[in-house]
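The lines below spell out each chain.
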Amino acid sequence: MTEIDVAAYLARLGIDEAEPPSVEALHRLHAAHVERVPYETLEIQLGRPTSLDPAESARRIVAGRGGYCFHLNGAFSALLRQLGYRVTRHLGGAQMTAADPAAITREHLALTVDALPGDPGTAWFTDVGLGDALHTPLPLRTGTYRQGPFTYGLEPSQIAPGGWRLAHDPAGSFFALDFAPGPAEMGDFADRHEYLSTSPDSGFVRTCTVQRRDAGGVDVLRALTLTRTPGSRTVLETEQDWWAALGDVFGIAANGFTGDERARLWRTVVAQHERFLAAQAQS
């Protein structure tokens, strides 16, 4: 088991003290995590490799940062295990559009939790690494589930027997997610993590992305475009506005980066926005 600083992690989530495992406590932990710990790719934009080690991811989270699915679900699963939950990690894959084939690409780490006191027969899809998707866990039962303004579907996976398929809301950033019954180890994702973090073909490399889910919707920053769904869309035109949004909306403080790093990130997102505008003009 990966040992992490549970008290510091809970403090980062705004939770004063640990409580025994339960359905209600799991929901509180999950909601606090997606509301306070952003899904973000800033380390990728800076060209700094990150580890799959959940302890390292947890330390970065405690220090005020976030990560993407391998970091967020890796750290969260370690936290839950130390709190006494039975957690399983799973190989997953996102289907970005309806036209794309569904596949277990290993580009997503999914989590389930089961054997909870009071409801031992129900397993829960517990995923804080989807960015704009779940606010709280979903029971692993076929059905349609409403969370705030978004509707999700769950059904058995057709491509991974024994696994499950999440149908995202039409307003979401991907079409669906399949995950295998598992279990998986962190090392199973190593080659995909390297690709997603370093390949010029990776969407994480091509576009700086920060996301934060709450009960009422989701905030998404892609390059210079800040979107609230449901709600508004704004292009952040100055470096000051961009860093203010990172702090005010996503809780990422500018003083966590050196002056050179801040300048590099600003140049990067401006260039990405300009490429986006050029592509739009040609379409």
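Conventions used here
- Per chain, the residues get numbers from 1 upward, laid out in the order the sequence is written.
- Restriction of local features to residues with pLDDT of at least 70 applies here, the model being predicted, together with a cutoff of 80 or more for giving and counting side-chain atom pairs; totals for whole chains, interfaces and linings are based on all residues.
- The side-chain values count all of the structure's non-hydrogen atoms but skip hydrogen atoms and water molecules.
- We call a residue buried when its accessible area falls under 20% of the maximum for its residue type, exposed when it is over 50%, and partly exposed in between, using a 1.4 Å probe and counting protein chains only.
- Secondary structure elements are defined from DSSP: runs of H or I of at least 4 residues count as helices, runs of E of at least 2 residues count as strands, and each element is numbered from the N terminus.
- Strand pairing is assigned whenever DSSP detects at least two bridges linking the two strands.
- Two aromatic rings from Phe, Tyr or Trp, using only the six-membered ring of Trp, form a pair when their centres are within 6.5 Å; if the ring planes differ by under 30 degrees the pair is stacked, by over 60 it is edge-to-face, and anything between is tilted.
- When the sulfur atoms of two cysteines come within 2.5 Å, that pair is taken as a disulfide.
- We define a polar contact as two N or O atoms separated by no more than 3.5 Å, with the added condition that, inside protein, one atom must be a possible hydrogen donor and the other a possible acceptor, whereas residues neighbouring each other in sequence contribute only through side-chain atom pairs.
- Should a side-chain nitrogen of Lys or Arg be within 4 Å of a carboxyl oxygen of Asp or Glu, the pair is scored as a salt bridge.
- Residues are treated as being in contact if the distance between any of their heavy atoms lies within 4.5 Å.
- One fewer than the residue count of a helix, multiplied by 1.5 Å, yields its expected span.
- We call a set of buried residues a nonpolar core when its members are Ala, Val, Leu, Ile, Met, Phe, Trp, Tyr or Cys and they connect through side-chain atoms within 4.5 Å of each other.

Asks: Let's hear about the pairing of strand S3 (residues 108-114): which residues, and what values?
Replies: Across the seven residues that make up S3, a large majority, six, are buried. Here S3 pairs with strand S4 (residues 124-125) via two bridges, running antiparallel. Directly across from Val113, in S4, lies its bridge partner Trp124.

Asks: Break down the sheet that holds strand S2 (residues 86-95) for me, with residues and values.
Replies: Each strand in a sheet pairs with its neighbour through backbone hydrogen bonds, running either in the same direction (parallel) or in the opposite one (antiparallel). Within the open sheet, the eight strands sit side by side as S5-S4-S3-S2-S9-S8-S7-S6. Their pairing is antiparallel. One side of each edge strand has no neighbouring strand; the edge strands of this open sheet are strand S5 (138-139) and strand S6 (143-147). Relative to strand S9 (residues 176-179), strand S8 (residues 164-167) is paired through four bridges, and the arrangement is antiparallel. Note on S9: the bridge partner recorded for Leu166 is Leu177.

Asks: Break down the packing of aromatic side chains for me, with residues and values.
Replies: The final tally for this structure, using the stated rule, is eight aromatic pairs. Aromatic side chains Tyr68 and Phe70 sit 5.3 Å apart centroid to centroid with 55° between the ring planes, which places their arrangement in the tilted category. The residues Tyr68 and Phe70 share a single accessibility class, namely buried. Each ring, one from Tyr68 and one from Phe204, has its centre 4.7 Å from the other, and the planes form 70°; the classification is edge-to-face. One end of the pair, Tyr68, is in the loop between helix H4 (54-62) and helix H5 (69-82); the other, Phe204, is in helix H7 (residues 203-206), and 136 residues separate them in sequence. For the pair shown, Tyr68 and Phe204 are each scored as buried. Through successive ring pairs, a cluster of aromatic residues spans Tyr39, Tyr68, Phe70, Phe189 and Phe204.

Asks: How would you sum up the sheet that holds strand S1 (residues 39-40)? Please name residues and give values.
Replies: Taken in spatial order, the five strands make up an open sheet running S1-S10-S11-S12-S13, and their pairing is antiparallel. Strand pairing shows two members of the sheet lacking a second neighbour, S1 and strand S13 (233-235), which therefore form its edges. Of the pairings in the sheet, the one linking strand S12 (residues 225-229) to S13 comprises three bridges and is antiparallel in character. Residue Thr227 lies in a different strand from S13, and its bridge partner there is Arg233.

Asks: Talk me through the state of the cysteines; I want residue IDs and the actual numbers.
Replies: Linking two cysteines covalently via their sulfur atoms produces the bond known as a disulfide. In total, this model carries zero disulfides according to the counting rule given. Take Cys69: it sits in no disulfide, and the sulfur closest to it among the cysteines is that of Cys208, at 16 Å. Note on Cys208: relative accessible area 1%, which makes it buried.

Asks: Lay out the side chain of His33 with the relevant residues and their values.
Replies: When you line up the elements, His33 lands in helix H2 (residues 23-36). At a separation of 2.7 Å, a polar atom in the side chain of His33 contacts the side chain of Tyr9.

Asks: Give a detailed account of the pattern of salt bridges, specifying residues and quantitative values.
Replies: Summed over all chains, the structure comprises 14 salt bridges. Linking Glu261 and Arg48 is a salt bridge whose minimum nitrogen-to-oxygen distance equals 2.4 Å. Residue Glu261 is located in helix H9 (residues 259-282), and its partner Arg48 is located in the loop between helix H3 (42-45) and H4; the two are separated by 213 residues in the primary sequence. Arg106 is the salt-bridge partner of Asp191, the closest N and O atoms lying 2.6 Å from each other. Here Asp191, found in helix H6 (residues 190-198), pairs with Arg106, found in the loop between S2 and S3; they are 85 residues apart in sequence, far enough to count as distant. In this structure Arg106 comes out as partly exposed when scored by relative accessible area, which is 25%. Where salt bridges share partners, they join Glu40, Glu43, Arg48, Arg65 and Glu261 into one cluster.

Asks: Can you tell me about the side chain of Glu43, naming the residues and giving the values?
Replies: Relative to the helices and strands, Glu43 is located in helix H3. The residues touching Glu43, leaving out its near neighbours within four places in the chain, are Arg48, Thr50 and Arg65.

Asks: Before we move on, can you summarise H5 with the specific residues and values?
Replies: With 14 residues, H5 extends 19 Å between its outermost C-alpha atoms, agreeing within 8% with the 20 Å of an ideal straight helix rising 1.5 Å per residue. Of all the 14 residues making up H5, twelve are buried; the element is thus mostly covered by neighbouring parts of the structure. If you check which residues of H5 are buried, you get Cys69, Phe70, His71, Leu72, Asn73, Gly74, Ala75, Phe76, Ser77, Ala78, Leu79 and Leu80. Just past H5, the residue Gly84 takes up positive phi, approximately 105°.

Asks: Tell me what's going on with the nonpolar core, and back it up with residues and numbers.
Replies: Soluble globular proteins: nonpolar side chains tend toward being buried together. Residues Tyr9, Leu29, Leu79 and Tyr85 are the most contacted members of the largest nonpolar core, which totals 42 residues. Listing elements by their share of this core, those giving two or more residues are helix H1 (6-12), H2, H4, H5 and S3. It is H5 that provides the largest number of residues to this core, a total of eight residues. The next biggest cluster of nonpolar side chains, apart from the first, holds 19 residues, and it includes Leu221, Leu226, Leu246 and Trp266.

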